[in-house]
Amino acid sequence: MSVHAWIQAAPGVWKFAAGSPPEAAPLSVIGRRPLLEALEEMGNAAFPLEESRIRIHAGPKRSTAVFPLAEDERIYGFGLQFMKVNQRGRTRYLRVNSDPKQDTGETHAPVPFYVSSRGYGVLVNSSRIVTVCCGSVVRMDSGMEDRARDRNSDRGWKATPVSDTVEWVVPGEGIEIYVFSGPAVMDVVRRYNLFSGGGVLPPRWGLGFWHRVPKSFSAEETLAEALEFRKHEVPCDVIGLEPGWHSKSYPVTYEWNRRLFPDPAQFAARMEEAGFKVNLWEHPYVSPDAEIYRELKPLSGSHTVWHGLAPDYTLPEAREIYMTQHLKEHVSIGISGYKLDECDGSELTRNSWMFPAHAEFPSGLDGEQMRQIYGLLFQKMADDMYRLRNRRTYGLVRASNANASSLPSVLYSDLYDHRQFVRALCNASFSGLLWTPEVRKAKDAEEWVRRIQVVCFSPLAMINAWADGTKPWSFPEVEPIVRKYIRLRMRLMPYFYTAFARYKFEGVPPVRAMQLESNLRKKDSGGDELNSTELAYGRAVDLELDDQFMVGDSLLVAPLFAGESLREVYLPDGVWYGLETGERYEGGGRIRVEADLDIIPVFVRDGAILPLMPALAHAPRAGEQVPLELVHFGTAPGAYRLYDDDGETFAYENGEYEWRTAEVRIAGEGALEGTIQDSRDGFHATYGPITWKIGVTALPAEGRK
Ligand code: GAL
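Because the structure is a prediction, the values reported are computed rather than measured.

## Structural notes on the overall build of the protein
- Counting its regular elements, the protein contains 13 helices and 32 strands.
- Scaling as 2.2 N^0.38, a compact globule of 705 residues should have a C-alpha radius of gyration of about 27 Å, and the protein matches this with 25 Å.
- Summarising its shape, the C-alpha atoms of the protein cover approximately 75 × 70 × 55 Å along the three principal directions.
- In the protein, once contacts between residues fewer than 6 apart in sequence are set aside, the share between residues at least 24 apart is 74%.
- Approximately 25800 Å² of the protein is accessible, and the part contributed by carbon and sulfur atoms is 48%.

Here it is in structure tokens:
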């Protein structure tokens, strides 16, 4: 079958279905409506590929799709990949895996979606393990016979031959494919996120600092540890409880351990009073001692996990039971959200514990499908529960899949390689995922600082002390540095919050890979080439760029890893300043930076305006007002749009928000002058009074003792 009928699913998005693909797939599981208005605003675009070069076939056992691949094309995405940014030349086996140590494509969040450096994207909407030969195989009909090389004499011979196709393989009868147009790589990602319902907008407190206490802490111990943050003047918004809060765990009950938490409602109220939200760890497997066990049993799969139930949450009745219990026992007393652990099992991990691929579920799904979408089902239930209460949630999850952009969860892992963690920050941004390079422990103070610095610039800044009992001040000799960065995270809250609002409304990832920037090039790539998408994203920048990333539009973060004090950084075009050093750099190529332990190299664009608030102990609550300082960098005029809403509810979905444009212009005498639009009449603005600092080259000091 090669004559297609691509149906336009939204402006710049096309769909093609062949055969009868299974109904339970990420798009239907999440069931979000695309943000059509925002997609329309991006404008229509032509189908980005030569249709005749795409071949799709739905067979009885497997379905395939073959897409053309140009020689200079780079392929990004496939979810939370830890090993590489450019996925070309590899076969990706997109299976959920809780222990993804090898470069096979398996990961906590394998997403059957890629973005091409040529400015288009392809998604296969499937609950199956999808395999993608991503420029790793060559077809007989490719006409590439002349590319055969002689290994005896040719030193350029490569194990992976040059290929001209990306081939998708989906088990089962039927395939559903979406194509997203560009022209820029960022446009593709934006369309994907908007088509998925827009990015998530977390509550403001979600962007503060998080800390998880040891796994068997009592209410009193938890409260005491939380209050230590106040004593140390380290901001903290969320305290996470680990397995011990359940009356039984592995499998879990979702019921409070009354010995450790005699009065959960009072505990939650005391935490709230002290300015802390509480997040609960849980996993999917229900203990025979749980009250909901009996009801859930007939709605569960054929195999247990740790002798607990694996419920079939594609069934509305099962969802209802879980949600009713959670709403009553947790949400109603003020619990702010969940860490959804171990929904990423697979049988081939170090310790086998997951239900098998051949497990049967009452809905008709098998174990393979359930494992691929389990993470999505849990994220969706968390979102649904808090929507019912008109409260936003933000939490963690260890498994995800496609179209998850709008879901309020951030991925994490038991892996602990810091370089891989930074690479994952870059890669997650291609597929509508958020990732936190969590900090658990460190062999010394240097590693501790380097990890804390990075996590403070990530979508969720957290210490996960569940096993090690670490605290920000665990290495006293570097406590001031750690405090400085956690406080900086708090000062930057208005900046982060605005970056997430752009994720929500415009689909722009808040923390993202350099490959999504539009003005990357090598210094020497001349004039007009700059405007060519192909060159700007493709050949001109022959770089992997997996160890630096953007936060919002103005900050470029280039971490140093333990053992290093010097590194190269690729700076896009233009003038940049060292955020804390004030040093001036010409972009458009590589520079070298040296930094002591008390500095993570972060660069600010000339003309950028950063909105900063005081490093409060925790995020402002709805209705509170905080002073704002607008800090303009350098000598170029600039503009910035500041987002604001109540920070906690879904009122913004009904228009209860505002964008205010701040501008720095050249005034009469040639001096720079800053102005910001007034807040709309009747709107309760979070920021006020607003003051300006214009033409700085380094971040102003905090102004505290
Ligand atoms: C792991 C999880 C850790 C911690 C632990 C508690 O699966 O990744 O962060 O929560 O469980 O048992």
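Picking up where we left off.
## Looking at the pattern of salt bridges
- On inspection of all chains with the given rule, the structure shows 52 salt bridges.
- One salt bridge connects Arg139 with Asp141, and the closest N-O pair in it is separated by 3.9 Å.
- With its nearest N and O atoms 3.1 Å apart, the salt bridge here joins Lys380 to Asp384. One end of the pair, Lys380, and the other, Asp384, are both in helix H8 (residues 367–388), 4 residues apart, so they sit about a helical turn from each other.
- Salt bridges sharing common partners tie together Arg502, Glu506, Arg512, Glu517, Asp553, Arg605 and Arg641.

## With respect to the site of the ligand
- What surrounds the ligand is the set Glu242, Pro243, Tyr250, Trp281, Lys339, Asp341, Glu342, Arg398, Tyr412, Asp414, Asn464 and Trp466.
- Measuring from an oxygen atom of the ligand, one finds a side-chain N or O atom of Arg398 at 2.8 Å.
- Expressed as a share of its isolated accessible area of 310 Å², the protein-covered part of the ligand is 94%.
- Its residues placed into classes, the shell around the ligand shows 5 nonpolar, 1 polar and 6 charged.

## Some remarks on the packing of aromatic side chains
- For the structure on display, the rule yields 48 aromatic pairs.
- Here the aromatic rings of Trp205 and Trp210 are separated by 6.3 Å at their centres, their planes lie at 45 degrees, and the arrangement is tilted.
- By relative accessible area, Trp205 is classed as buried at 4%.
- Accessibility expressed as a relative area gives 0% for Trp210, which makes it buried.

## Remarks on the sheet that holds strand S31 (residues 672–676)
- With respect to topology, 3 strands assemble into an open sheet ordered S29-S30-S31, the strand pairing being antiparallel. On the outer flanks of this sheet lie strand S29 (638–644) and S31, each paired with one strand and no other. In this sheet, neighbouring strand axes are inclined to one another by 15 degrees on average, regardless of whether the strands run parallel or antiparallel.
- Two strands pair when backbone bridges link them, and strand S30 (residues 658–666) and S31 are joined in this way by 5 bridges, in the antiparallel orientation. Residue pairing across strands places Val664 opposite Gly674, the latter belonging to S31.
- Taken strand by strand, helix H12 (residues 493–506) contacts S29 and S30, and its axis lies near 80 degrees from that of S29.

## Considering the domain arrangement of the protein
- Structurally, the protein comprises domain 1 (3–144 + 156–195), domain 2 (209–492), domain 3 (517–603) and domain 4 (609–696).
- Contact residues are listed per partner, giving 4 residues for domain 3 and 4 residues for domain 4.
- Where domain 3 abuts domain 4, roughly 340 Å² becomes buried across the two surfaces, and 75% of that area is made up of carbon and sulfur atoms.
- Contact with domain 4 buries area across many residues of domain 3, yet Ser554, Tyr577 and Leu579 alone supply 86% of it, more than any other trio.
- For the interface between domain 3 and domain 4, the tally reads 0 residue pairs in polar contact (both at pLDDT 80 or more).
- Grouping the constituent residues of the side of domain 3 that touches domain 4 by class yields 3 nonpolar, 1 polar and no charged.

## Some remarks on the sheet that holds strand S27 (residues 609–612)
- With respect to topology, 3 strands assemble into an open sheet ordered S27-S28-S32, the strand pairing being mixed. Strands with a single pairing partner mark the edges of an open sheet, and in this sheet they are S27 and strand S32 (687–696). Between one strand axis and the next, the sheet turns by 20 degrees as a mean value, whatever way the strands run.
- In this sheet, S32 lies alongside strand S28 (residues 626–633) in parallel orientation, the contact comprising 6 bridges.

## Quick word on unusual backbone geometry
- Note the cis peptide between Tyr250 and Pro251, where omega equals 5 degrees.
- By secondary structure assignment, the location of Pro251 is in the loop between strand S13 (238–241) and helix H5 (264–273).
- Of note in this structure, Tyr250 is not a glycine but carries a positive phi near 55 degrees.
- Mapping Tyr250 onto the fold places it in the loop between S13 and H5.

## Description of the packing of helix H11 (residues 479–491) against H12
- Here H11 crosses H12 at 55 degrees, and the two axes come no closer than 5 Å. Classed by the angle they form, the pair H11 and H12 counts as oblique. Taken together, the residues of H12 that come into contact with H11 (itself represented by Arg489, Met490 and Arg491) are Met493, Pro494 and Phe496.
- Grouping the amino acids of the contact of H11 with H12 by side-chain chemistry returns 4 nonpolar, no polar and 2 charged.

## As for the nonpolar core
- Counting residues in each nonpolar core, the largest one holds 190 residues, and the members touching the most others are Tyr374, Phe457 and Leu555.
- When residues in this core are grouped by element, the largest group, 9 residues, is from H8.
- With near-sequence residues (within four places) excluded, Phe457 lies in contact with Tyr485, Leu488, Arg489, Leu492, Phe496, Val511, Phe549, Val551, Leu555, Val557, Ile600 and Val602.
- Judged by nonpolar contacts, the second largest core, of 28 residues, contains Phe47, Ile54, Trp168 and Ile175.

## Topic: helix H10 (residues 445–455)
- Most of H10 is tucked away: 10 of the 11 residues are buried.
- If you follow the buried residues of H10, they end up packed against helix H9 (418–428), strand S18 (461–464) and H11.

## Topic: H9
- Among the 11 residues of H9, 10 are classified as buried, and the element is accordingly described as predominantly covered.
- All of the buried residues along H9 are His418, Gln420, Phe421, Val422, Arg423, Ala424, Leu425, Cys426, Asn427 and Ala428.
- The N-terminus of H9 is capped by Asp417, whose side-chain oxygen sits 3.0 Å from the backbone nitrogen of Arg419.

## Here we look at the packing of H9 against H10
- Where H9 meets H10, the closest approach of the two axes is 12 Å, and the angle between their N-to-C directions is 10 degrees. In terms of their interaxial angle, H9 and H10 are classed as roughly parallel. Two secondary-structure elements touch here, H9 through His418, Phe421, Val422 and Leu425 and H10 through Arg450, Arg451 and Val454.
- Per-class residue counts for the contact of H9 with H10 are 4 nonpolar, 1 polar and 2 charged.

Scoring rules and cut-offs
- Residues numbered from 1 in each chain as written.
- Predicted model: local features only at pLDDT ≥ 70, side-chain atom pairs only at ≥ 80, totals over all residues.
- Heavy atoms only, no water.
- Helix = DSSP H or I, 4+ residues; strand = E, 2+ residues; numbered from the N terminus.
- Rg over C-alpha atoms; globule rule 2.2 N^0.38 Å.
- Contact = heavy atoms within 4.5 Å.
- Areas by Shrake-Rupley, 256 points an atom, 1.4 Å probe, with all protein chains shown as cover.
- Salt bridge = Lys/Arg side-chain N within 4 Å of Asp/Glu carboxyl O.
- Near = heavy atom within 4 Å.
- Polar contact = N/O pair within 3.5 Å; in protein donor to acceptor, adjacent residues only side chain to side chain.
- Nonpolar A, V, L, I, M, F, W, Y, C, P; charged D, E, K, R; others polar.
- Phe/Tyr/Trp six-rings, centres within 6.5 Å; stacked < 30°, edge-to-face > 60°.
- Buried < 20%, exposed > 50% of the residue type's maximum accessible area, 1.4 Å probe, protein only.
- Pairing = 2+ DSSP bridges.
- Axes fitted to C-alpha atoms, helices over the stretch in contact; angles between N-to-C directions.
- Domains from an automatic or database assignment.
- Buried area = accessible area lost by both parts, 1.4 Å probe.
- Parallel < 35°, antiparallel > 145°, perpendicular 65-115°, else oblique.
- Core = buried A, V, L, I, M, F, W, Y, C linked by side-chain atoms within 4.5 Å.

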